[in-house]
Structure formats: C-alpha cells, structure tokens
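Commentary on secondary and tertiary structure
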Amino acid sequence: MSADAVVVVGAGHAAGEMSVALRSYGFTGEIILVGEEAYLPYQRPALSKGFLTGEIAHEQLYVRSAASFAKADIRLIPNVRVLSIDRARKCISASDGRVIFYSKLVLATGGRPRRLALTDARVDAAPNIHYLRTIDDVTSMQNSFKKGMRLVIVGGGYIGLEVAAAARQRELNVTLLESLPRVLARVTAPPVSEFYAALHRSAGVDVRVNAELTGFVFDAAGRVVGVKTRDGGGVAADFVLVCIGLLPNTELAESAGLKIDNGIAVDEFGQTSDPDILAIGDCTSHPNRHAGRRVRLESVASSVEQARVAAALLAGKSLPNDSVPWFWSDQYKLKLQIVGLNQGYDQVVLRGSPDSQSFLAFYLKDGTLLAVDAVNRIRDFMTCKKLVAARVSVDPSQLADDSIPLTTLVAGKPQPV
Amino acid sequence: MRKFRCRFCSHVYDERLGDPDSGIAPGTLFEDIPDTWLCPECGASKADYDLIEE
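As a convention, each chain's residues are numbered from 1 in the sequence order in which they are written. Written order determines the labels here, with chains lettered from A and ligands numbered from 1. Given that the model is predicted, a residue must reach a pLDDT of at least 70 before its local features are reported, and side-chain atom pairs must reach 80 or more before they are shown or counted; all residues, however, enter totals for whole chains, interfaces and linings. Side-chain descriptors were evaluated using all non-hydrogen atoms of the structure, hydrogens and water having been removed beforehand.

Put simply, DSSP H or I for four residues or longer makes a helix, DSSP E for two residues or longer makes a strand, and each gets a number counted from the N terminus. If you tally the helices and strands in chain B, you get 0 helices and 3 strands. In chain B, the succession of α and β elements from N to C terminus is β-β-β. Over its C-alpha trace chain B gives a radius of gyration of 10 Å, about what one expects of a compact globule, namely 10 Å for 54 residues. Expressed as lengths along the three principal axes of its C-alpha atoms, the size of chain B is roughly 25 × 25 × 15 Å. Throughout, exposure labels follow a simple rule: accessible area from a 1.4 Å probe, protein chains only, divided by the maximum for the residue type, with under 20% read as buried, over 50% as exposed, and the rest as partly exposed. Burial analysis of chain B (54 residues in total) assigns 54% to the buried set. Contacts are assigned to residue pairs that have any heavy atoms within 4.5 Å of one another. Of the contacts made within chain B by residues no fewer than 6 positions apart, 43% connect residues no fewer than 24 positions apart. Between the centroid of the 6 positive side chains of chain B and the centroid of its 12 negative side chains there is a distance of 4 Å. Note that the radius of gyration is over C-alpha atoms, with the globule rule given as 2.2 Å times the number of residues to the power 0.38. Charged residues are defined narrowly, with Lys and Arg counted positive, Asp and Glu counted negative, and His plus the chain ends left uncounted. Every charge is mapped to an atom, namely NZ of Lys, CZ of Arg, CG of Asp or CD of Glu.

Okay, here's the thing in structure tokens:
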C-alpha cells in the first residue's frame, strides 16, 4: 500500500469532484473511491427532471467518463458498502470483505430519503411506493411513468414539485399531498409558495395542502391502490412517490466516534474531529461564514465547493469554504434560482409580478439582504449573487422598483458579518 | 472545437454551437465568453466549467 493513499467512502457527486480536483492539484498518491451504487460518480439534479422524463440518458449524468477517471489514476470500486472505520489502524472494512488502509479518509456518504413513519408492514413491502435519490430509484418507476397513470406524490418540496412537473409533461394524472399549509414551506415565503401552487394547478396537478397522509389502501397482492389523508379524503393511485426530506448518512461516522451535529461535523476546510478524516457533501454540517452559523445544505453547489476545498486541504493548499449558498429548481419552463439562506427573515420584497411569471423575492432581516428567490430572472441572478454576498443594506423600495437596474444597487452599504 | 461541462449540472457548452439564447454566437471560444455569462441550466458561473477531455 502506497505511503500516501486517500480513500473516499462514497462515489457520488462530491466524491467524484473531490477526486478529480485532488489529482489536478498535484497529488500523486493513490486515490480510491468506494461506492454502494453501480455507477460512475454522477449528478443527481436531473433525476427529478430530464432523466425522469427520458430526455437525458444516465451517461450524461456522470461527473467524468470512465476513461477520465482512469487517466487520472482514480480507482473506483462500485457496488461495495463500507461497514466500519478502524481509526486506530487507519483502515476501513467493506461488505465484500476487503480491508483498505488510508493515509487520509474522506467521508462522502451523502444522504438517504426520509421514510414514511407509518407503522404498517405492508408499506415496506409495497412494490409501488417509491423514493427518489438514485438512478435505480428512477428506473424502478419507469414502467409506471406513462400517460394516464395515476401518481400520488407525498411531499411538496423541491423534489415533489419537480416530479409533478415532469409527470405532467408526460401526461400522467398527478395529485400532490403536502401536510403543511403551503408547498416549499421550508425554503420560501408565502408569495412564492402561492405562485408555485398556482403554477402546478394550472398545469393540471391536484395540489392539496394541509393534507397529511394517514395510510394506504392495498389490493390483495399488496400493491397500493389508494392513499388516505387526515381529513378523511382519499385518492386512487397506481403508484406513489414519497419525497419528505433527506437524512444525512452519519451512521458510519457516528459508530467511529466522530462528532455529529445534524450531519458529520466539519470545519470550513472539511476536517472532522479526527485529523486524518474529512467529510464532504450532503452528509456534513459545516460553518457557513455568510450565514454566521453551522448549516447542513442539500445543494449541489455546496457539495462541489466542499469537495474542492477538501481536495485543496489534502493537496497541501488552503482554500476555506467561503461561498454563498445557492440552488436551483426547474419546473415546467420556469427556472427558480435561489441564493443565500432566508431563515430569520422579517421582510419579503417582491420585484416584478408573479402574474408575469418572472419576478424576484428578496428576503431581508433588519434591512439587510439575506437571500433572493429568482423566478425566470436568469440575467439578474449574477447580480443577486453579488448583492447577497455583499450583505447589502438596501432601501426596500429600490429593490421593488423594476425600473431601477439591480446592478446599480450592488454598491449599497455592506453590513459587517 | 472544444466542449466544456458545468460542474453542477449536466449542461455542456459546445464552442461549435455557442449559446445563442444568451447572445453567444456559434463558434465563440470559451475564453471569449463574457465573465457575466451564467450556465443557462442552473445559473453556475463561467468559473464552474471544466474542459471535457476525450
């Protein structure tokens, strides 16, 4: 075994980007990725968009080609699960019996969909209740993803809404159940929630809010044929997709005694509580300078940023994670782009009108800009990123006035972090 | 003509095709795209692209 071996637990987007960046920064030791899935490291966003509708093939999701990984001398071990970490001996034990020693270990275990909390064994056994996180999750739904099929989506977050849009594009019959009073409640303000609910309804989705799922109706073969909601209502279903959140995969780290805090806790360089172990991506919580607190983000931009910072650390460079969180969601022909974290906002200012399907929602706290939701305002998004990064204090009436170019507001008064 | 891949989403910038919807003519070299240009799919910036080497 080489004196210098970086072993990565996980082979997803963050793992893929980290390994490529590490090699490009001049690291000459071994790089080994051990992943549970059968595929090359791939990007997940298209799973609820173009890959689900069939417009994109899974090869287009790969972070790099197999040839690229081989050329960079990055070794990929698919279909293998890491079972434990021996921090004293600095090795990992895997499901195929192999033991791999590391100089440095990178945990990129990602997350898993939160499961339904219903205590009914038939729920676990039903073949037509689906979750969405992997390529295989999508292909298992493929036979049902056809015109006229009745899909019930449980959960009105990003994934639920994106799948609803994709399903309507393929002319399925779609009902979406959200247990809270509005969709996207976790991430947006009421005007944006209302806009998206109206958008989906006009596209033919039966959006039901305050509609907590209480159970299912099964046929004799154990397949779901209907869902039941708290108000006593019900909906017939051919298949069900549950998208009610993501849980970080921290169990391996926790068993090894690493610090956990809503994810594997790392510092701004990706370092865990063990000096020889880093963690990146959906499985981590990390300090965000911009937010001024520890966060766990489910965001590609955040994962890729963490990956590059960790690679820099391993290559002997220093690149703190200083980025402003940002995110995007595609539904129908609309682009929703988000920059910043809006928790704690006390004011929302709209620029442009939701009726025009092109508008911005600015989230402020004590007069300082925290975050922006941009709907079909692609050209303004770069400026929005700058405004949020600068934490400007702007007169709300200027934000609301679409005749004042946003670029002129970038020189607003920045607030100290 | 080269192709560049967005690090965050599956978008590929093909120099041969450009990105006419954003005002980038076919044949525009990646280096010549303005720094204000964003990935038309997700909003990532020019700095978030990698050359596809195969």
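In this section: the interface of chain A and chain B. Across the boundary between the two partners, chain A contributes 26 residues, which contact 20 residues of chain B. The term salt bridge refers to a side-chain nitrogen of Lys or Arg lying within 4 Å of a carboxyl oxygen of Asp or Glu. For the pair chain A and chain B, the interface holds 2 salt bridges. Close ionic contact of R64(A) with D50(B) constitutes a salt bridge, the shortest N to O distance being 3.1 Å. The element contributing the most residues to the side of chain A that touches chain B is helix α10 (residues 378-389) of chain A, with 5 residues. Residues were grouped as follows: Ala, Val, Leu, Ile, Met, Phe, Trp, Tyr, Cys and Pro as nonpolar; Asp, Glu, Lys and Arg as charged; and all remaining residues, including Gly, as polar. Looking at the side of chain A that touches chain B residue by residue, the classes come out as 12 nonpolar, 6 polar and 8 charged.

Attention now moves to the sheet that holds strand β2 (residues 12-14) of chain B. Residues and elements named next belong to chain B. The pairing criterion for strands is at least two bridges between them, as found by DSSP. Across the sheet, which stays open at both edges, the 3 strands sit in the order β2-β1-β3 with antiparallel pairing between neighbours. The two strands at the open ends of the sheet, each matched to only one other strand, are β2 and β3 (49-51). Direction aside, the axes of adjacent strands within the sheet are offset by 30° on average. Bridging between strand β1 (residues 3-6) and β2 involves 3 bridges; their strand directions are antiparallel. Paired with R5 across the two strands is V12, which belongs to β2. All axes here are fitted lines through C-alpha atoms, helices being fitted over the stretch that makes contact, and every angle between N-to-C directions spans 0 to 180 degrees.

Further remarks concern the pattern of salt bridges. Applying the stated rule across the entire model yields 29 salt bridges over all chains. The closest approach of N and O atoms between K90(A) and D276(A), which form a salt bridge, is 3.2 Å. Residue K90(A) is located in the loop between β4 (82-86) and β5 (91-94), and its partner D276(A) is located in the loop between β18 (264-265) and β19 (277-279); the two are separated by 186 residues in the primary sequence. Linked by salt bridges that have partners in common, E17(A), R64(A), R7(B) and D50(B) make up one network.

A separate point is the nonpolar core. Where a protein is soluble and globular, its nonpolar side chains tend to be buried together. For our purposes a nonpolar core is just a set of buried Ala, Val, Leu, Ile, Met, Phe, Trp, Tyr and Cys residues, chained together by side-chain atoms within 4.5 Å. Residues M18(A), F145(A), L151(A) and Y196(A) are the most contacted members of the largest nonpolar core, which totals 71 residues. When neighbours within four sequence positions are excluded, L151(A) is seen to be in contact with F145(A), V163(A), A167(A), L172(A), N173(A), V174(A), T175(A), F239(A), V240(A) and L241(A). W326(A), V388(A), V394(A) and Y49(B) belong to the second largest nonpolar core, which has 38 residues in total.

The next thing to look at is the side chain of K335(A). With respect to the helices and strands, the residue K335(A) is situated in strand β23 (residues 334-340). Not counting residues within four places of it along the chain, the set of residues in contact with K335(A) comprises Y196(A), S329(A), D330(A), A374(A), V375(A), N376(A), I378(A), P40(B) and E41(B).

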